[in-house]
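One-letter residues, chain by chain:
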Amino acid sequence: MKYSSEDFVNLDEVHALADVLTPIGPALYTVLAEARSDLETRYPDDLFWPHQNRQNLSRLVNQRTARIWEQYGSDDWTLFDRSGFLHLRENETGVKLILRKVDPLTHGVPKSNATRASRAYFSQSQCIPKG
């Protein structure tokens, strides 16, 4: 989205991200629901223990969504790597979107690995304010 110079001065990160991510919401929801229903019909529940099914399902849904994104997804967002997971980039601004599994206890992102790059990736706890 294009902003004027005075709008850009008063823009905070929350509103900028909301402006970029709002159009992708319906397409992303449709693709994730399609991938989940496809996997639930393909794999029986008794194949693994219940906790394994929960862990595997989130990973498999992410991978299946990456495969079918070209059919159902938005033209403004494209896959930006060949990892097999849903890693999207917005074509106009270059904003990256990577889906992460949320920790069910804290409802936050998982703890980072013991590397500098991973700590830097998960270190931002809140959005950047105006200015």
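The structure reproduced in this document is the subject of the present report. (Residues numbered from 1 in each chain as written. Predicted model: local features only at pLDDT ≥ 70, side-chain atom pairs only at ≥ 80, totals over all residues. Heavy atoms only, no water.)

**Here's the deal with the overall build of the protein**
Consideration 1: Secondary structure summary: the protein contains 5 helices and 3 strands in total.
Consideration 2: Overall, the protein shows an N-to-C arrangement of helices and strands of α-α-α-α-β-β-β-α.
Consideration 3: Counting only residues that meet the buried cut, the protein has 21% of its 131 residues in that class.
Consideration 4: Of the contacts formed within the protein by residues at least 6 apart in sequence, a portion of 43% connects residues at least 24 apart.
Consideration 5: When the accessible surface of the protein is summed, it comes to about 10,100 Å², and 54% of that surface belongs to carbon and sulfur atoms. (Helix = DSSP H or I, 4+ residues; strand = E, 2+ residues; numbered from the N terminus. Buried < 20%, exposed > 50% of the residue type's maximum accessible area, 1.4 Å probe, protein only. Contact = heavy atoms within 4.5 Å. Areas by Shrake-Rupley, 256 points an atom, 1.4 Å probe, with all protein chains shown as cover.)

**Details of the nonpolar core**
Consideration 1: The biggest cluster of nonpolar side chains holds 16 residues, and the ones touching the most others in it are Ile24, Leu28, Trp69, Trp77, Leu86, Leu88 and Leu97.
Consideration 2: Mapped by element, the contributors of at least two residues to this core are helix H3 (25-42) and helix H4 (50-72).
Consideration 3: Look past the residues within four positions of isoleucine 24 in its chain and what remains in contact with it is Trp69, Trp77, Leu88 and Leu97. (Core = buried A, V, L, I, M, F, W, Y, C linked by side-chain atoms within 4.5 Å.)

**A closer look at the packing of aromatic side chains**
The geometry of an aromatic ring pair comes down to the distance between the two centres and the angle between the two planes.
Consideration 1: With the rule as written, the count across this model stands at 0 aromatic pairs.
Consideration 2: Positioned above the aromatic ring of phenylalanine 80, the side-chain terminus of arginine 89 is 4.8 Å from the ring centre. (Phe/Tyr/Trp six-rings, centres within 6.5 Å; stacked < 30°, edge-to-face > 60°. Lys NZ or Arg CZ within 6 Å of the ring centre and 35° of its normal.)

**Looking at the layout of surface pockets**
Consideration 1: By volume, the second largest pocket amounts to about 460 Å³.
Consideration 2: Elements with a minimum of two residues in the lining of the second largest pocket: H3 and H4.
Consideration 3: When residues in the lining of the second largest pocket are grouped by element, the largest group, 6 residues, is from H4.
Consideration 4: Looking at the lining of the second largest pocket residue by residue, the classes come out as 6 nonpolar, 4 polar and 4 charged. (1 Å grid on protein atoms, 1.4 Å probe; cavity = no way out; pocket = protein on both sides within 12 Å on 5 of 7 lines; lining within 4 Å. Points joined across faces, edges and corners; volume = space filled by probe spheres on them. Nonpolar A, V, L, I, M, F, W, Y, C, P; charged D, E, K, R; others polar.)

**Points about the sheet that holds strand S1 (residues 77-79)**
Consideration 1: Read from one edge of the open sheet, 3 strands run S1-S2-S3, paired in antiparallel fashion. Bordering the open sheet on either side are S1 and strand S3 (96-98), each of which pairs with just one other strand. Neighbour-to-neighbour, the strand axes of this sheet turn through a mean angle of 30°, independent of strand direction.
Consideration 2: Where S1 lies against strand S2 (residues 87-90), 3 bridges are found, and the strand directions are antiparallel. From the neighbouring strand, tryptophan 77 faces S2, where its bridge partner is glutamate 90.
Consideration 3: The strands touched by H4 are S1 and S2; relative to S1, the strand with the most contacts, the crossing angle is about 135°. (Pairing = 2+ DSSP bridges. Axes fitted to C-alpha atoms, helices over the stretch in contact; angles between N-to-C directions.)

**Quick word on the pattern of salt bridges**
Consideration 1: A complete count under the given rule lists 1 salt bridge for this structure.
Consideration 2: Arginine 64 serves as the salt-bridge partner of aspartate 38, at 2.7 Å between the closest nitrogen and oxygen. Of this pair, aspartate 38 sits in helix H3 while arginine 64 sits in helix H4, placing them 26 residues apart in sequence.
Consideration 3: Owing to a relative accessible area of 24%, arginine 64 belongs among the partly exposed residues under this scheme. (Salt bridge = Lys/Arg side-chain N within 4 Å of Asp/Glu carboxyl O.)

**Thoughts on the side chain of asparagine 62**
Consideration 1: Take asparagine 62: it is sitting in helix H4.
Consideration 2: Looking at asparagine 62, the relative accessible area reads 12%, which means it is buried.
Consideration 3: Aside from chain neighbours lying at most four places away, what touches asparagine 62 is Gly84, Phe85, Leu86 and Leu99.

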